[in-house]
Every structure is written in C-alpha cells, then in structure tokens.
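Descriptive structure summary
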Amino acid sequence: MAITVIILHLISFSVATATKETSIYIIQMDLSANLSPFSDHRSWFSTTLTSVITGRKPKILYAYTDSVHGFSAVLTNSELKRLQYKPGYVSFTKDLPVKLHTTFSPQFIGLASNSGTWPVSSYGAGTVIGIIDTGIWPDHPSFHDDGLGPVPSRWKGECEFNSSSLCNKKLIGARVFNKGLFANNPDLRGTKNDQYSSPYDTIGHGTHVAAIAAGNHVKNASYFSYAQGTASGIAPHSHLAIYKAAWEEGVYSSDVIAAIDRALRDGVDVISLSLGLSIDDDVGLEDDPIAVAAFAAIQKGVFVVASGGNDGPYYWSLINGAPWVMTVGAGTMGREFRGILTFGNGVSFSFPSLFPGEFPSVQFPVTYVESCDAGNKTLVNRIIVCNGNVNIGSILQQVKSTGAKAVVLITDRLLAEQDTVKFQFPVAFISSKHRETIKNYASNYQNNPTAKLEFQETVIGTKTEPEVDSYSSRGPFTSFPQILKPDIVAPGTLILSAWPSDKPVAGTRARPLFSGFNLLTGTSMASPHVAGVAALIKQVWSPSAIKSAIMTTALTLDNPLAVGAGHVSADKVLSPGLIYDTSPQDFINFLCHEVKQSRKLINIITRSNVSEACRNPSPYLNYPSIIAYFTSDQNGHKIMRRTLTNVGEAKRSYSVRVRGLKGVNVVIEPKRLMFSKINEKQSYSVRMESQRALRGDVVYGVVSWVDDEDAKFEVSCPVVATSLVQESFFFF
C-alpha cells in the first residue's frame, strides 16, 4: 500500500573538516559532580570541552539541563576519548538522524459537544500541548483563539516569529532549533536565513499535527469537498506551544532534545512527538536520547506521547517504545472517499478516489479500448474504458493525449483512496471482476454507450469498528521487549487537518492545487489524537494515570502487538474506575532488576550510580498490559503482579473476567477485589502456563475487572503469550 506520509530526507550525521573526521555527539554528564569552580552548568560544560579540543575553537551546540543532562558538540574520535576521562562524564550518543512518521476523528473516538469528556474537561482549557515538529502556519484559521481562556500564568515560552502578534491565546509560543541541522550540514550556513530562523512551517507536517491535537473549530473545512464539515482538534481549547526542530534537509536528535529541554522549562503539560529514530539504527534505550529526555519529562509530571512508526505490518518494527512513553499505532476511521461511475443503462459502480478537480456530472459517450492503446485516435470529450494493471501513469498520459475527458480503468490492482492522489487525470479504478459486465455494454456501439463520473463522495460508517492499518508498526519493541507495545491505536489514515496556504496539496508543478486542509496518513497523525485526549484530562491525572485511563477504557480490537489495549475511546477516559498507577521510581526499580542490561541507562536517567539508584529492584512493573514469552529458553509458568487504585466510587467490588488466551492456562488470584474508599489499592497476580507449544506465534486475550454493582466500570488489561524471538520479523 502506498502511504501518504511525509518522511524527511535522512542525511549523514558525519561532517568532514579539512584534516580530521568529526561527528556530532550528545554527551551525558553527571550534574551531581563538583561544580564549585563554575558559575553554572554551561560554564562547566564549556571548560570541559575546551580541555579536550586542540587546533580549533570549541563550540557547544546545546547545553541540556532539563531533559538529558549534558551538551552536544562537534568532536573527533580522539577528542571524544579524552572527554571520557573527564570528571562528571557519563556517556555519549551520536547525533542520529530522526524521521517524521507521516474533521470526523473527534466524533469517531467518542467526543460529543453536548455531553461527556469535551464539556466536562472544558475542551482542554488551561493545558499546554508542546508539538515538536516542522513548525506551524500561524495564519491558519485552526489557530484562532476565539473562546480560549488566558495564557497560564506559569508559562515561560516565547514567540520567535518576526512579529509577536502571530501568537495569541491559542498559539502561545513558537521556537526554532537548528544548531544540529547546521552542524550536520555546514553548507546551509548563510543560505535562506529567514527559512531557518522562523517557526513558520515550510513542510506542512507540523501544522497538520498541531491542528489534530488542539486546532480550534473551523466551519466548512474540506479537501476539495472530501471530508466536508467542521474541523476541530481533540482539545480545541488547549494552548499550543510549537518547537520547530524538523527541517526539509534533515531532523537530528540534538535539535529534538533541545526542543524537549526547552519545552520542559517553558511549562508544557503534554509533549507530542510524531518522529523518532529509524528502526534501522538499532539502538538501545540508553543510546536513544529521545527516550532519555522523555523520562525526564515524566519526572516533571509532563505526559509524553509518540508515534510508533510506519514500518508495519511486521513484528519487531516498532519504535518509541520506552515504557514511560505512550506509544501510538494508527487505525482506520470507518470513512471512505469515493467516486461513482454510472453507465447509460443505469448500472453503477463506486470506486476509491481523491480526485480533486471539478468534473461535469453529465453523460459522455464511451469508447472501449481493450489494452488502453488508442494509437493516434482523437477521442475528444469521450470517456475511454480499457484494461490495465501496470504503468498506470503512462496509461493515463496516453489517454489524456487523445483529448479524452476521463478513463475507466478495469484493473486487478487493489487501490485505496490514498493511492489515487497522485493521478491528476479523472480516472475510475474498477475491479476486474466487473470486466465482462462493463465490456459488454461499453463495446456495444450500436446502443451508443455513455457514462457519467461523479467525484468528491464521502461515505461515513463503512465499517462498524476501527482497524489497525497495515503500515502501522508492530511490537514487540526490540530495545525493551519486557513491556507490551504499542499502548494504543488512534485514527491515522487519511486524517483531515490544517495545511499551509502556500504549500500545494495536489496537482503538478505546472498546475499546483492549494487547499487550507490536507489528508495525510501515518502514525504521525495518530499520535496527536492521543496527545489531545491527554490534554483533556491532564488537570486531573498524573502521566501514569493518564496512560492507564486511556488504555483500560479503550475499545478492545485485535492482536495487542498491533493495537495495544485497543482503539482510544475518549468518552470513557474521565471515569476509568480503577487505574494502574506507576511512579518514575517504579520504572527505575524495574530496570534495576536487570541491572546488567540496564546499567548505563540507569546511570543516565537517575544521574547517580547504580548502587544508589537500585536499592529496591523489582521484577514487576505496574503496567496496564502484560506480555509473557514462552520460547525455548523461557519455558515454565510466568507470574505477573499488578496493583489497581480505586479512582471511581467508594465501597465498590470488582470481579475478574478472562477472555481469549486459548491454549494458555491462566489463573488470577484473587478473583474479586474489594475497595472501601477512594485511592485504596488492591493487588492481584496473573499466573500463565502453557503445557505445550503455543498455537501460533502469538496468543492473546484480555483480563478485565468488572464492577459488581452495575457493570458501570470495566477495567481491561491486554495480555499476550508469545514464542516470538527478535529474529522473527514475521508478517502480521
């Protein structure tokens, strides 16, 4: 399937000088080291860097203090080795390239204007969502501030547009991060300075993402009359803070980390990331600075949500799977964009289409051409009907040269709507199973066959339930398979959202087409949906409580390695009944249980040595999902422990219900949990055992706790038993 998602060019992070090979590195430092001779951390970093560099002027790209602790700089291999012996040095990571993962959706996830989460949460009023992406188009109507409250008094951000008037109560901050870009691409220095110093979005991705999360209401929005209606973000009254760290020439970890660092100091409540390292980089969490920075964020009470990547449908293809990050996959919305073909005899066919142009809704004469080769014939103002499976672009160009009005292409290829965007000539793709019916009519010239084409049809409710889409990356997460990922899926396929007015959405170079809204596909589009939901409930919950509420109330779908807990269901998140609460220290204790594998990571995220950080190691993490491996070297029964906190009503009891997991013996103890007061905690254990080899590579089900009184609450936890190993990149 061809996916309409923007991926920035990946440019090498190595930069050559005249005499020595250099690279950009992110250096982790221990801030507890003795800083007494220095006035601040930057002075210490600068002095340390100067002491290892000879023959050139040392330069710190960024000094990080709130996300990772350290700095980024250009170093040779020998300089890096000398740096490793300096006081306070912890570790280094190369400045790896990062890629972007690239209406109706608020209603689709359960939001209604007159009841439920939207009005109860005041549409997200008072919360700030930080978007780290390609910038924003501030003039777009999605970012007007009608109905918004004042900027929070705690806010410390800035508006780095040439005119501060471009910011308002909706768009309360916009910053630029480009030092990593310039260091990795020195030829860019001195060129297009305005482009690299402004938060204006020159790509479109960031504008689209920001409006999904928190765009304000815009009436009569559409993509050339497709998906027509009132556009709205998930949290339309939340504030937006934009951190431009992604560029047409590349996206680099050093810039992204600087953006997260600044967002934490500015005072955001939620960080939305629709980007991540490439799966091909194969780095552990300790070498993933985005994961490290995200841990610092949750320590400060900031919720972090990230896209899981577009490398599906294979197992082990997921990224951004750190257990403290909300990892989001992408699903469909039960909405289709179509055209309708009606022949003169009344027989009609619908077909997938996003053709953006105007087309007369009248009958045109039809000419049937078996193989689409009309030779030198002139077929002005006719619709050609022909057969073709390959070189569709060439077929359409040849048909266009005859003067034909449109083409009906009978084909064996299964095309989705997004596959049709690139074809700018009116075309109806009809399945070959209808070939004889169409040929019999279209080739009978004695009856003067005619046909009419109608485009811009939007059909709602084509599927009763959402589905994960094929491109969405699947778990497990290679760097941390002990936790089930992804966490959740949200709408990601053909999402209508804001678009810069000067960026074409379709057409050709000679005839570009512009629209204030665009339809994009990818986990990039799914992630901001969940960021918006988090903003709706952020004033009530901690980061772990938000994750639990979203996961335990999700619409259960299919294999959790594809969908996590299921599809986000925003109408239930404010009333989950019970939550799986987890503190930052709980993550550390879990890492400490496998200290040999996690020593470097523990050192980095705790800023202390392992003996101090690992006083209470634990084999269990109180996560709202469970995965157990039954491989040749991991046989025997598995025991998992979880603890639920009552946030619903006092004096409630819950009984357990187990669904699925065929072939696996599952025992839950106890089978009933009694709560006498709010915030009371009760624990249970899950014992899993497989007497024989699993039936398939993945067996899955759900453990739910159901309210005994009136089933008002059902708290679901997805469970997976698997024999997958990291070499098994099987098709899902």
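The paragraphs below set out a description of the structure included in this document. This structure is a prediction, so every number in the text was calculated from the model and none was measured.

In this section: the overall build of the chain. Counting its secondary structure elements, the chain contains 17 helices and 38 strands. Over its C-alpha atoms the chain spans a radius of gyration of 28 Å, differing by no more than 12% from the 27 Å that the globule rule assigns to 732 residues. Dimensions of the chain, computed from C-alpha atoms along their principal axes, come out at roughly 95 × 70 × 55 Å. Across the 732 residues of the chain, 59% fall into the buried class. Approximately 28200 Å² of the chain is accessible, and the part contributed by carbon and sulfur atoms is 48%. Considering the chain, the positive charge centre built from 65 side chains and the negative charge centre built from 61 side chains are found 1 Å apart.

Now for the packing of aromatic side chains. With the rule as written, the count across this model stands at 24 aromatic pairs. Between the aromatic rings of Trp 324 and Phe 587, the centroid separation amounts to 5.9 Å while the plane-to-plane angle is 80°, which identifies the pairing as edge-to-face. You can see Trp 324 sitting in the loop between strand E16 (303–307) and strand E17 (326–331) and its partner Phe 587 sitting in helix H15 (residues 584–593), a full 263 residues away along the chain. Residue Trp 324 shares its accessibility class with Phe 587, and that shared class is buried. One cation-aromatic arrangement involves Lys 638 over Phe 630; the distance from NZ or CZ to the ring centre is 5.3 Å.

Before going further, it helps to examine the sheet that holds strand E30 (residues 578–579). Taking strand neighbours across the sheet as the criterion, the 4 strands line up as E30-E32-E36-E34 in an open arrangement whose pairing is antiparallel. In this open sheet, the two strands that pair with only one neighbour each are E30 and strand E34 (665–669). Two elements, E34 and strand E36 (residues 681–689), share 5 bridges in a ladder whose sense is antiparallel. Considered in E36, the bridge of Asn 665 is made with Glu 689.

Taken across its 7 residues, strand E4 (residues 70–76) has 6 buried, putting it largely inside the fold. Bridge analysis of strand E2 (residues 21–29) against E4 gives 7 bridges, and the strand direction is antiparallel. Of the residues in E4, the one forming a bridge with Tyr 25 is Ala 73. As paired elements, strand E3 (residues 60–64) and E4 share 4 bridges and run antiparallel to each other. When the sheet's bridge partners are listed, Tyr 62 is paired in E4 with Ser 72.

Ranked by size, the top nonpolar core spans 159 residues in total, and within it Tyr 223, Ile 271 and Trp 324 carry the most contacts. If you tally residues by element for this core, the top one is helix H12 (residues 523–537), at 9 residues. Setting aside chain neighbours within four positions, we find Tyr 223 in contact with Leu 354, Val 421, Leu 496, Val 505, Ala 506, Ser 515, Phe 517, Asn 518 and Leu 519. Counting residues in hydrophobic clusters, the runner-up holds 26 residues, among them Tyr 580, Ile 626, Leu 661 and Ile 668.

Note that strand E18 (residues 335–343) and strand E24 (residues 450–460) share 8 bridges and pair antiparallel. Each bridged residue has a counterpart across the sheet, and for Phe 343 the counterpart in E24 is Ala 451. When strand E20 (residues 364–369) meets E24, the two strands line up antiparallel, connected through 2 bridges. Bridge pairing links Phe 364 to Ala 451 in E24.

The next subject is the pattern of salt bridges. Per the stated rule, a full pass over the model turns up 24 salt bridges. The salt bridge partner of Glu 79 is Arg 56, with a shortest N-O separation of 2.5 Å. Of this pair, Glu 79 sits in helix H2 (residues 77–83) while Arg 56 sits in the loop between helix H1 (41–50) and E3, and the two are 23 residues apart along the sequence. Of the charged contacts, one joins Asp 708 and Arg 672 as a salt bridge, the two residues approaching to 3.0 Å between their closest N and O atoms. Highlighted residues: Asp 708 in the loop between strand E37 (698–707) and strand E38 (714–722) and Arg 672 in strand E35 (residues 672–675), separated in sequence by 36 residues. A relative accessible area of 32% places Asp 708 in the partly exposed class. Taken together, the shared-partner salt bridges connect Glu 649, Arg 652, Asp 707, Glu 709, Asp 710 and Lys 712 into one network.

Together, Arg 42, Lys 57, Lys 59, Lys 179 and Arg 189 line one region of the surface with positive charge. Mapped onto the elements of the fold, Lys 179 is located in helix H5 (residues 179–184). On the basis of relative accessible area, Lys 179 is assigned to the partly exposed category, the value being 39%.

This paragraph deals with the packing of helix H8 (residues 253–266) against helix H9 (residues 289–299). Direction vectors running N to C along H8 and H9 enclose 5°, while the axes themselves pass 10 Å from each other. Judged by the inter-axis angle, H8 sits roughly parallel to H9. In this structure, H8 uses Ser 253, Val 256, Ile 257, Ile 260 and Leu 264 to contact H9, whose residues at the interface are Pro 289, Ile 290, Ala 293, Ala 296 and Ala 297. Here the residues of the contact of H8 with H9 sort into 9 nonpolar, 1 polar and no charged.

The next point concerns the state of the cysteines. The tally for this structure, following the rule as stated, stands at 3 disulfides. Disulfide pairing is shown between Cys 372 and Cys 386; the S-S distance is 2.0 Å. Here Cys 372 and Cys 386 share a disulfide; its torsion about the S-S bond, 90°, makes the bridge right-handed. Of this pair, Cys 372 sits in the loop between E20 and strand E21 (383–387) while Cys 386 is found in strand E21, placing the two residues 14 residues apart along the sequence. Here Cys 386 falls in the buried class, since its relative accessible area comes to 0%.

Along an α-helix, residues three or four positions apart point the same way, because every turn accommodates 3.6 residues. Here H9 lies mainly inside the structure; 10 of its 11 residues are buried. Every buried residue of H9 is listed here: Pro 289, Ile 290, Ala 291, Val 292, Ala 293, Ala 294, Phe 295, Ala 296, Ala 297 and Ile 298. Regarding H9, its N-cap is Asp 288, as a side-chain oxygen of that residue lies 3.0 Å from the backbone nitrogen of Ile 290 further along. Phi turns positive, to about 80°, at Gly 301, one or two residues after H9.

As summarised here, the arrangement of the 5 strands in space is E31-E38-E37-E33-E35, forming an open sheet in which the pairing is mixed. Edge positions in the sheet fall to strand E31 (626–629) and E35, since each has one partner strand and no second. Neighbour to neighbour, the strand axes of the sheet diverge by 20° on average, direction disregarded. Sheet topology note: the strand E33 (residues 652–660)/E35 ladder contains 4 bridges and is antiparallel. By the bridge assignment for E35, Ser 655 is matched with Arg 672.

Along the chain, Gly 312 connects to Pro 313 via a cis peptide bond; the corresponding omega equals 10°. Along the chain, the position of Pro 313 falls in the loop between E16 and E17. In this chain, Lys 485 is followed by Pro 486 through a cis amide linkage whose omega measures 0°. Within the secondary structure, Pro 486 sits in the loop between E24 and strand E25 (488–491). In this structure, Cys 372 is a non-glycine residue whose phi angle is positive, near 75°. Positive phi is not limited to glycine here, since Leu 661 has a value of about 60°. With a relative accessible area of 3%, Leu 661 lands in the buried category.

Parameters and conventions
- Residues numbered from 1 in each chain as written.
- Predicted model: local features only at pLDDT ≥ 70, side-chain atom pairs only at ≥ 80, totals over all residues.
- Heavy atoms only, no water.
- Helix = DSSP H or I, 4+ residues; strand = E, 2+ residues; numbered from the N terminus.
- Rg over C-alpha atoms; globule rule 2.2 N^0.38 Å.
- Buried < 20%, exposed > 50% of the residue type's maximum accessible area, 1.4 Å probe, protein only.
- Areas by Shrake-Rupley, 256 points an atom, 1.4 Å probe, with all protein chains shown as cover.
- Lys, Arg positive; Asp, Glu negative; His and termini not counted.
- Charge placed at Lys NZ, Arg CZ, Asp CG, Glu CD.
- Phe/Tyr/Trp six-rings, centres within 6.5 Å; stacked < 30°, edge-to-face > 60°.
- Lys NZ or Arg CZ within 6 Å of the ring centre and 35° of its normal.
- Pairing = 2+ DSSP bridges.
- Core = buried A, V, L, I, M, F, W, Y, C linked by side-chain atoms within 4.5 Å.
- Contact = heavy atoms within 4.5 Å.
- Salt bridge = Lys/Arg side-chain N within 4 Å of Asp/Glu carboxyl O.
- Patch = residues over 30% accessible without salt bridge, like charges linked within 9 Å, V, L, I, M, F, W, Y side chains within 5 Å.
- Axes fitted to C-alpha atoms, helices over the stretch in contact; angles between N-to-C directions.
- Parallel < 35°, antiparallel > 145°, perpendicular 65-115°, else oblique.
- Nonpolar A, V, L, I, M, F, W, Y, C, P; charged D, E, K, R; others polar.
- Disulfide = S-S within 2.5 Å.
- Polar contact = N/O pair within 3.5 Å; in protein donor to acceptor, adjacent residues only side chain to side chain.

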